[in-house]
Amino acid sequence: MGLTIAQKLIKAHLVEGNMTPGEEIGLKIDQTLTQDATGTMAYLEFEAIGVDRVKTEKSVAYIDHNTLQTGFENADDHRYIQTVTKKHGIYFSRPGNGICHQVHLERFGIPGKTLIGSDSHTPTGGGIGMLAMGAGGLDVAVAMGGGTYYIPMPKMTRINLHGYLKPWVSAKDVILEVLRIMSVKGGVGKIIEYGGDGVKTLSVPERATITNMGAELGATTSVFPSDEITLAFLKAQGREQDWCEILPDADACYDEVIDIDLCALTPMAACPHMPDNVKTTDEIGALKVDQVAIGSCTNSSYADMMKVAAILKGKTVAPTVSLCIAPGSKQVLNMLALNGALSDMINAGARILESACGPCIGMGQSPNSKGISLRTFNRNFEGRSGTKDAGIYLVSPEVAAASALTGYLTDPRQLGECPKVEMPEKFIVNDNMIEPPASPEEAKDVEVLRGPNIKPFPETRPLPQEIRAKAVLKVGDNITTDHIMPAGAKILPYRSNIPHLSQFCFAVCDETFPKRIKEEGGGFIIGGSNYGQGSSREHAALVPLYLGVKAVITKSFARIHIANLVNAGILPFTFENEADFDKIDQMDELALESIRSRLENGEQIVLKNLTKGEEYKLVSAHLSERQRKMLLCGGLLDYTRENN
C-alpha cells in the first residue's frame, strides 16, 4: 500500500511510535517559529530547560503581533526576544518585516521539512509541502532544545479539487467551502491533503491561504504537493535549491475522500461568530458594511494585494466605510510601493497599516459598536475584533474590496471583468530586517535584557493523591482559546505577565470567574464539545494553572489545547457518557479520589459529585503513557528536568 504525502513526511521524521491512527508518535522537528505574543513565554521556557543553543536546522522569532506600543510592555518583550534569540542561535525577524507565516513561506519554508510554531496558523507552510503544525510554546521550546514533538497519529483526509476557479472566485472561497462541509471540529485528528487536477491551477499563495485556514477545521495540519508550481515560487524567491518534489503514491489510501468542483464555487462569507457559518454572498444579501479590513496571514500575499489594488484603482471607498489594508510582509509592501499599487490603494481612501497581524487579533481597528466588519482574516469569534457586539464576516480580498467601494456586502462578479494578476518571475529579496544569531563564541557576551513586565513561569507541583474542589465554571460547546484567554490591544501586552493576565481569564464568558476561583482556592472547569479550539496560545492553560484550575472535564477537546493542558500539569478528562455533562451544575462540589494512583495504574477515573451524591465515569484514553507521566510530575517542564 502506498503512502500519502503526509505519511511520507511523518515516516521520514518518525522518532517514536507506530503510524497507527490515534497512537502517539514522536517526530523530529527541523524548523520552529515563534511570534511575540507567545514567544516571550516560549523563550523563558527554553531558558528554563537549560540548553545553550538551539538544535534545530532553523529557528526563527518573529515580531508581528504586539506591535501597537502604548506602553513599555511590548517594546520590552521585543527587546528580550531580540537578545535571547541572539544568544541561543535563533534568527530574529524585526518589527515591520512582516507576519510570521507570510515571511516564513517567502524566506525559510522548505518542502519536506517539519515545522512547528507557537501559532495555530503554522500549517500555512503546508502550501509548499511542509509538515507544518501549530503547537504550544513549551512544545516549541522542547523542540528547539532537540526534543521530540509528540502528536496522536492523524487519519488522512483527501480533498480532491476538480476544474478551476471562475473569475472573482478565490482560494478563500475554497477553504470556506471546506469549512461548510466539515465544520470547525470536522478536522480533529486528521491531516487534510489536497489533490486532483484543480491543484495545478492554484499558486503557492492560494494554496497557503487554504492550508492557513485549515486550522479552523481543528485539523492537525493541511498539505499540498510540492510540484513545479512550488518550484516556480521558490525560484522567484531565489531559493530553488530548497525545492524537492513530494507527491502521494498512486495507490495511497485515505480514510476519507471529499470532492469539490472548483467551477461550481461562488463568492462566500463566514457569518458571525464561527468560521464554519458559511453562506454565499447572494444568500446573505446586500448587508450594510461599516468596516473592511484586508490582510492577515490568510490573505496578505503580493497576489492578494495586487487584486485589491486593481479593484480600487481610480475609485473611492464608500463614505460610510473605513477600509484598512495591511500587506503581509516588507517584501510585499515594498513591491506594492515600487509598482504603484500602493498609491492606487491610498488614492482610493484606504488606510495603510504596518505589515503585522493588527486587527486580526484585536490589535487596533476595532469596529464601531454593533458594526458590520468584512475581514479577509481566518477567525470571527465573538469579541476577537475588540468590539464584543460587532458582526464579523470572513471574506475573500475580492469581496472585501468590492464591498468597500459600494458600502454593502457585494458579489464582486457585479464589477464586470476580473483583473488578472500574474505571479512575479522574481520577488524583491532583501533580508536586512532578519538578524542572524551570534556565533557560539560571540553568544557568551550577549546580555539577555528583561523588562519589569516579564514574570516567571507559574509554579507547578506533582499530582496529589486526591483533588476536591468546586465546578467553578461550566461552559458550552466550541469554547475557543479566545474565550479562555482573550487577545486584543489591552490584554496582549501582558502575555509575559501571567499574574496580571489572570484577571482577564474567561472574561468573554464570565467576568466574575477570576475573582471566584481565587476565593475558592482553585476548582474544576466543566466544558462541552471541542473545548479549546482556535489559537495555539498556551496562556489558555498557563493562566488557569496560575488561578488554581485542577482539572478540565469536557465532552471533547481540541488537539493543541489538550496538549497545552497536559504540558501545564492540568488534568484533561472527557465524560464516558456525554449526558453526564448535564448533571453537573456550576459550583457543585466535586472530587477525584485516589486520582494519582488511578492515573498511574491506568484504572478507571471516577468523578464524584459530592453535592448531588452522584458518580461519573471519565475517559483518559486520549492520554499517552508519556503524558500520564508528565501529569504525575506536574507538567512538561518538570518531566523534562527529571528525564534529562
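Scroll up to find the structure.
Values in this document were obtained by computation on a predicted structure and should not be read as measured data.

Criteria and thresholds
For every chain, the first residue of the written sequence is number 1, and numbering continues from 1 along that sequence. In keeping with the predicted nature of the model, local features appear solely for residues at pLDDT of at least 70, side-chain atom pairs appear and are counted solely at 80 or more, and the whole-chain, interface and lining totals rest on all residues. Derived side-chain values reflect all non-hydrogen atoms in the structure, with water molecules and hydrogen atoms excluded from consideration. The helix count covers DSSP runs of H or I at least four residues long, the strand count covers runs of E at least two residues long, and both are numbered beginning at the N terminus. Only protein chains enter the accessibility calculation, which uses a 1.4 Å probe; a residue whose area is less than 20% of its type maximum is buried, one above 50% is exposed, and one in between is partly exposed. In what follows, residue pairs with any heavy atoms lying within 4.5 Å of each other are defined as contacts. Accessible surface is estimated by sampling points in the Shrake-Rupley manner with a 1.4 Å probe; for residues, cover comes only from the protein chains shown. Working convention for charge: Lys and Arg count positive, Asp and Glu count negative, and His plus the chain ends are omitted. Charged side chains are reduced to one point each, which is NZ for Lys, CZ for Arg, CG for Asp and CD for Glu. Take a side-chain nitrogen of Lys or Arg and a carboxyl oxygen of Asp or Glu: if they are within 4 Å of each other, that pair is a salt bridge. One bridge is not enough; two strands pair if DSSP finds at least two bridges between them. To obtain an axis, a line is fitted to C-alpha atoms, over the contacting stretch when the element is a helix, and the angle between two such axes runs from 0 to 180 degrees between their N-to-C directions. Think of it this way: a Phe, Tyr or Trp ring, Trp meaning its six-membered ring, pairs with another when their centres are within 6.5 Å, and the plane angle makes it stacked under 30 degrees, edge-to-face over 60, tilted otherwise. In this analysis the charged atom, NZ for Lys or CZ for Arg, is taken to sit over a ring once it is within 6 Å of the ring centre and within 35 degrees of the ring normal.

*Asks:* I'm lost on the overall build of the chain in this one. Help?
*Replies:* Within the chain, the secondary structure is distributed over 22 helices and 27 strands. Dimensions along the principal axes, computed over C-alpha positions, put the chain at roughly 70 × 55 × 55 Å. Taking all 644 residues of the chain together, 63% fall into the buried category. Considering only intrachain contacts with a sequence separation of at least 6, the fraction spanning at least 24 residues in the chain is 77%. For the chain, the exposed surface amounts to about 22400 Å²; the carbon and sulfur share of it is 48%. Of the side chains in the chain, 64 bear a positive and 77 a negative charge, and the two mean positions are spaced by 2 Å.

*Asks:* When you look at the pattern of salt bridges in this model, what are you seeing that I'm missing?
*Replies:* Here the structure, examined in full by the defined rule, presents 31 salt bridges. Residue Glu466 is joined to Arg468 by a salt bridge in which the shortest nitrogen-to-oxygen separation is 3.7 Å. Taken together, the shared-partner salt bridges in this structure form one network comprising Lys200, Arg207, Asp227 and Glu228.

*Asks:* Would you explain the side chain of Ser535 in this entry?
*Replies:* Within the secondary structure, Ser535 sits in the loop between strand 22 (523–526) and helix 18 (539–547). Since its relative accessible area comes to 13%, Ser535 is described here as buried. With residues near it in sequence (within four places) discarded, Ser535 still touches Ser120, Arg379 and Thr481.

*Asks:* Honestly, the pairing of strand 7 (residues 131–134) in this entry has me stumped. Any pointers?
*Replies:* Remember that side chains alternate between the two faces of the sheet whenever the strand is regular. The two faces of strand 7 match: Leu131 and Met133 on one face and Ala132 and Gly134 on the other face are all buried. Taken together, the four bridges between strand 6 (residues 114–117) and strand 7 define a ladder with parallel strand orientation. Each residue of the ladder has a partner; that of Leu115, found in strand 7, is Ala132.

*Asks:* Teacher, can you tell me more about the sheet that holds strand 11 (residues 221–223) here?
*Replies:* Read across the open sheet, the four strands follow the order 11-10-9-12; overall the sheet is parallel. With partners counted over all chains shown, the strands left at the sheet margins are strand 11 and strand 12 (256–261), one partner each. Pairs of neighbouring strands in the sheet enclose a mean axial angle of 20 degrees, with direction left out of account. Direction of pairing for strand 10 (residues 190–195) relative to strand 11: parallel, over a ladder of three bridges. When the sheet's bridge partners are listed, Ile192 is paired in strand 11 with Ser222. Where helix 1 (residues 5–13) meets the sheet, its contacts fall on strand 9 (155–162), strand 10 and strand 11, and the angle it forms with strand 10 comes to roughly 125 degrees. The sheet contacts of helix 6 (residues 171–182) involve strand 9, strand 10 and strand 12, and relative to strand 12 the element is tilted by about 135 degrees.

*Asks:* For this particular structure, what's the right way to read the packing of aromatic side chains?
*Replies:* In this description, a pair of aromatic rings is defined by centroid distance and the angle of the planes. For the structure shown, the criterion picks out seven aromatic pairs. Taking the centre distance of 6.2 Å and the plane angle of 55 degrees together, the rings of Tyr91 and Phe108 count as tilted. Linking Tyr91 in strand 5 (residues 91–93) with Phe108 in the loop between helix 4 (100–107) and strand 6, this pair joins segments that are 17 residues apart in sequence. Tyr91 gets classed as partly exposed once you look at its relative accessible area, which sits at 24%. Note on Tyr302 and Phe427: the rings are 6.3 Å apart at their centroids and 85 degrees apart in plane angle, and the pair reads as edge-to-face. Of this pair, Tyr302 sits in helix 10 (residues 302–312) while Phe427 sits in the loop between helix 13 (397–406) and strand 20 (434–435), and the two are 125 residues apart along the sequence. Like Tyr302, the residue Phe427 is buried in the burial classification. Among the aromatic residues, ring-to-ring pairing joins Phe233, Tyr302 and Phe427 into one connected group. Over the aromatic face of Tyr91 sits the side chain of Lys58, whose NZ or CZ is 4.2 Å from the ring centroid.

*Asks:* Just to check I follow, could you spell out the pairing of strand 19 (residues 391–394) for this structure?
*Replies:* Judged by which residues are buried, strand 19 turns out to be covered on both faces: Gly391 and Tyr393 on one side and Ile392 and Leu394 on the other are all buried. In this sheet, strand 19 lies alongside strand 18 (residues 372–375) in parallel orientation, the contact comprising four bridges. Looking across to strand 19, one finds that Ile372 is bridged to Gly391.

Everything listed here is a matter of geometry and, on its own, says nothing about what the molecule does.
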